[in-house]
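A structural walkthrough
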Amino acid sequence: MTADEKQEAQFQKLLSPKLPDGKDLPFQSPEAEANYKAAITRIKDAIQLKKTPDRVPVTILPSMFPFTHAGMTVQEAMYDYDRCALAFKKFILEFKPDMHIGAAAPGPGKFFEILDYKLYSWPGHGVAPEHSYQCNEGEYMKAEEYDLLLMDPSFFFRNFYLPRVFGALQGFQMLPPLTGILEMYGVAFNFIPYALPPVQATYKALFEAGAEALKWAMVMGGSNGELASLGFPNILGGFTKAPFDTIGDTLRGTKGIIMDMYRQPDKLLQALEAITPIMIGMGLGAAQQTGNPLIFIPLHKGADSFLSDAQFKKFYWPTLKQVMLGLIEGGCIPFPALEGHWGSRLKVIQDIPKGKTVWMVDQTDMVKAKETLGKNACLIGNVSSSMLNLGTPDDVKAYCKKLIDTAGKGGGFIMGNGAFFDEAKPENVKAMSDFTKEYGVYK
Amino acid sequence: MAKDLVNTLADLKEKEALGIVQERLSAGEDPLRILDDARRGVEIVGKRFSDEEYFIPDLVYSGEILKQITDMVKPKLTKAAEVKRLGKVIVGTVAGDIHDIGKDIVVFMLDVNGFEVFDLGIDVPVQKFVDKIKETGSGVVGLSGFLTLAFQSMKDTVGAIEKAGLRNEVKIMIGGGQIDDQVRSFTGADAYGKDAMDAVKLAKGWIGG
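Residues numbered from 1 in each chain as written. Chains lettered and ligands numbered in written order. Predicted model: local features only at pLDDT ≥ 70, side-chain atom pairs only at ≥ 80, totals over all residues.

Looking at the overall build of chain A
The helix and strand inventory of chain A stands at 18 helices and 9 strands. The C-alpha atoms of chain A give a radius of gyration of 22 Å, which matches the 22 Å a tight globule of 443 residues would have. By residue count, 48% of the 443 residues in chain A fall in the buried class. Pairs at least 24 apart in sequence give 73% of the contacts found in chain A among residues at least 6 apart. (Helix = DSSP H or I, 4+ residues; strand = E, 2+ residues; numbered from the N terminus. Rg over C-alpha atoms; globule rule 2.2 N^0.38 Å. Buried ≥ 20, exposed ≤ 12 C-beta atoms within 10 Å, placed from the backbone. Contact = placed C-beta atoms within 7 Å.)

Focus: the overall build of chain B
Across its full length, chain B carries 9 helices and 5 strands. Along its sequence from the N terminus, chain B presents helices and strands in the succession α-α-α-α-β-α-β-α-β-α-β-α-β-α. Radius of gyration (C-alpha) of chain B: 18 Å, near the 17 Å computed for a compact globule of 209 residues. In terms of its C-alpha atoms, chain B occupies a principal-axis envelope of roughly 55 × 35 × 30 Å. A buried classification covers 51% of the 209 residues belonging to chain B. When contacts within chain B are restricted to residue pairs at least 6 apart in sequence, long-range pairs at least 24 apart make up 74% of them.

A word on the interface of chain A and chain B
Contacts between chain A and chain B engage 29 residues on the former and 22 residues on the latter. Going through the elements one at a time, α11 (253-263) and α16 (385-390) of chain A are the ones with two or more residues in the side of chain A that touches chain B. If one sorts the elements of the side of chain A that touches chain B by residue count, α11 of chain A sits on top with 6 residues. Residues belonging to the side of chain A that touches chain B are distributed by class as follows: 12 nonpolar, 13 polar and 4 charged. (Nonpolar A, V, L, I, M, F, W, Y, C, P; charged D, E, K, R; others polar.)

A closer look at the sheet that holds strand β4 (residues 236-239) of chain A
Residue and element names in this part refer to chain A. An order of β4-β5-β6-β7-β8-β9 is seen for the 6 strands of this open sheet, with the pairing classed as parallel. Single-partner strands in this sheet number two, and they are β4 and β9 (413-417). Each strand of the sheet is rotated relative to its neighbour by a mean of 25°, with strand direction disregarded. Sheet analysis places strand β6 (residues 333-338) next to strand β7 (residues 358-361), joined by 2 bridges and oriented parallel. Bridged to A337 within β7 is M360. (Pairing = 2+ DSSP bridges. Axes fitted to C-alpha atoms, helices over the stretch in contact; angles between N-to-C directions.)

Overview of helix α6 (residues 126-136) of chain B
All names here are of chain B. Considered for burial, the residues of α6 that qualify are V126, F129 and I133. Considered in projection along α6, the buried side chains sweep an arc of 65° and stay on one side of the axis. Seen from the buried face of α6, the exposed residues on the opposite side, beyond 90 degrees, are Q127, K134 and E135. (Arc of directions from axis to C-beta.)

Some remarks on the packing of helix α3 (residues 31-50) of chain B against helix α4 (residues 56-73) of chain B
Residues and elements named next belong to chain B. Relative to each other, α3 and α4 sit at 175°, their axes nearing to 10 Å. Between α3 and α4, the angle is such that the two are roughly antiparallel. Residues P31, I34, L35, A38, V42, V45 and F49 of α3 touch α4, and the partners they reach there are D58, L59, S62, L66, I69, T70 and V73. Among the residues forming the contact of α3 with α4, the class breakdown is 11 nonpolar, 2 polar and 1 charged. (Parallel < 35°, antiparallel > 145°, perpendicular 65-115°, else oblique.)

As for the nonpolar core
Within the largest apolar cluster, 190 residues are counted, with the highest numbers of intra-cluster contacts made by L379 of chain A together with M109 and L110 of chain B. Two domains each donate at least three residues to this core, and these are domain 1 (5-76) and domain 2 (87-208) of chain B. The contact partners of M109 of chain B, leaving out residues within four places of it in the chain, are G46, L59, A196, M197, A199 and V200 of chain B. (Core = buried A, V, L, I, M, F, W, Y, C linked by C-beta atoms within 7 Å. Domains from an automatic or database assignment.)

Here's the deal with unusual backbone geometry
When glycine is set aside, most residues are seen to have a negative phi, and most peptide bonds are trans. Residue and element names in this part refer to chain B. Phi at E52 takes a positive value of approximately 60°, unusual for a residue other than glycine. Residue position: E52 is located in the loop between α3 and α4. E52 gets classed as exposed once you count the C-beta atoms within 10 Å, which come to 12.

Side note on the pairing of β6 of chain A
Residue and element names in this part refer to chain A. Across the 6 residues that make up β6, a large majority, 6, are buried. Of the two faces of β6, both are covered, the one formed by I333, F335 and A337 as well as the one formed by P334, P336 and L338. Both strand β5 (residues 294-299) and β6 contribute to a ladder of 6 bridges, which runs parallel. Across the sheet, residue F296 finds its bridge partner in β6, namely F335.

So, the sheet that holds strand β3 (residues 140-144) of chain B
Residue and element names in this part refer to chain B. Strand order in the open sheet made by the 5 strands is β2-β1-β3-β4-β5, with parallel pairing throughout. Each edge of the open sheet carries a strand with a single partner, namely β2 (115-119) and β5 (191-192). Bridge count between strand β1 (residues 87-93) and β2: 5 bridges; the pairing is parallel. In the sheet register, V89 faces β2, and the bridge partner there is V117.

Here's the deal with helix α2 (residues 14-26) of chain B
Residue and element names in this part refer to chain B. Spanning 13 residues, α2 covers 18 Å between terminal C-alpha atoms, matching the ideal 18 Å at 1.5 Å per step. Among the residues of α2, those classed as buried are A17, I20, V21 and R24. Seen end-on, α2 carries its buried residues on one side only, within an arc spanning 100°. Those residues of α2 that are exposed and angled more than 90 degrees off the buried face are K15, Q22 and S26. On the buried face of α2, the contacting elements are α1 (5-10), α3 and α4. The first or second residue beyond α2 is G28, which carries a positive phi of 80°. (Expected span 1.5 Å × (residues − 1).)

Side note on the domain arrangement of chain B
All names here are of chain B. With domains assigned, chain B is organised as domain 1 (5-76) and domain 2 (87-208). Listed as interface residues are 10 residues of domain 1 and, on the opposing side, 8 residues of domain 2. Breaking the side of domain 1 that touches domain 2 down by element, the ones donating at least two residues are α3 and α4. Examining the composition of the side of domain 1 that touches domain 2, we find that 6 residues originate from one element, α3, more than from any other. The residue makeup of the side of domain 1 that touches domain 2, split by class, is 5 nonpolar, 3 polar and 2 charged.

Considering the environment of G331 of chain A
All names here are of chain A. By secondary structure assignment, the location of G331 is in the loop between α13 (309-329) and β6. On the basis of neighbour counts, which here come to 23 C-beta atoms within 10 Å, the residue G331 falls in the buried class. Expressed as a C-alpha distance, the spacing of G331 and K6, which sit 325 residues apart in the sequence, is 4.6 Å. When residues no more than four places from it in sequence are discounted, the contact partners of G331 are A3, K6, Q7, A9, Q10 and P293.

Encoded structure:
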């Protein structure tokens, strides 16, 4: 199949949703079924840029808003999976977006506890119960460890990176590479470490963490199924990252990767190349597991002032483009988020296959984005966090009108917020959704 | 000698700059003069950043070079460095928010540009800002925040400063990923900046002359 045919097949699959056992998902009413199919078709038309949708689709991409809005703390949403799913359902039924990304944002609190996760602070573990989890930046990969990463990324992750970010996975440091297991003579030596108490403690933690993750995933899956049966599709398939962000966010850290650009640029470039197929595989694998085509790619360190134009073209864009092309080749729809300002990058990033991607736009000028990137790609956005939080419904409506008149012209646009948000005035979120459904009808 | 430390550092030539510092130290030069040249070099980096010739990586890299130079020069300092300061600025990431990268760059650029900076760190309770203003008599307070929760924390901090009767004593600037004029108005701050050099400009406008 060509990439076109694969994408089309993905949408056809979405149009006839299945239960985990393979039977057709029963809709709760004919109206729910009609809404579900209309939403998928609307989003498909917006993304493919082949025909104008019936109206501008609406999405809402929150982080903790559905839970705080339901009167829960973030801590409660992380530890009580059923209440988390219930709050999310209430959120969807209240604001009725055409597309959502599921209730998975809080994640399973107990799972992080079992593994003694160090990379983030979360409610009760370094941040207040009512606040969102936040990353603890650090050099979890050292400047001199590029060769280790290049030689065998999985070995580096298991033996070095994971024990640094999970307190409970210290035992991994004692394990030999799996690639030493070759023939009968000597094979047993490879297994001796599994008898050691720290390694066994690590495996015990893994079994417990796995069970907890599954428990949570069952609730999340049930939530997605129920919402689909009510007419609200989640088409998010999973996530991957731009290779530069993979290394810069949680391996070397912001400062670390900056130093590497000056002090060891060749090693950094080699590592970016080396992890590119891994990032493609991560997206394709997630899409296969969930059956959904959209692969979210949060873009961080390529924003306007974070890199010079030359650095962007050298370090950031080539491997990000390869990741997107690899996903497209596999029938997926890359869903990058331009976090912050990306105005200076538009001319570079517009160079992508037409009708195969959808971009969440935060603070970049939407008119300029439409004139460049928008020629080849669907745009989502860009109602700001400050407006949703501090503005009035009239402010929101006026801004949405402007967006529909400009970015929405001729299709290729999905109304939504620009950045993930925890707090907002509900009436502003409602105004964004309701106004778009009314004013955003294409004639 | 005679190689130009100011411009070598401004051009981000790390090895060359460190070499010059070593030579000048070996020649017995006044360490304070070396530090002053290095500081002027980074000031040029800041200007180039404002002119969009340099970007965040250049700022961070220049900070790393400056840190190494300071480490080399420090043991040779006989008396504490008496640097003339433009004024005092308090900086911190507001309560509930633990992001520090942007805040750290602001602290660094304010310091290099001649301010005495009191860095209160991250997740700073409102009272700590109030106490520090009383303690230091700083004329400028910079509040940093990345998350939407920071909007309220900033407002609370400005409110606490006001309640303590200090609002007329200080100018308050805010900054961070989602900060715009609407947020500034909500929090009651005097100004917001989009980057570290904006913070320098604001502080200079208020207390730096």
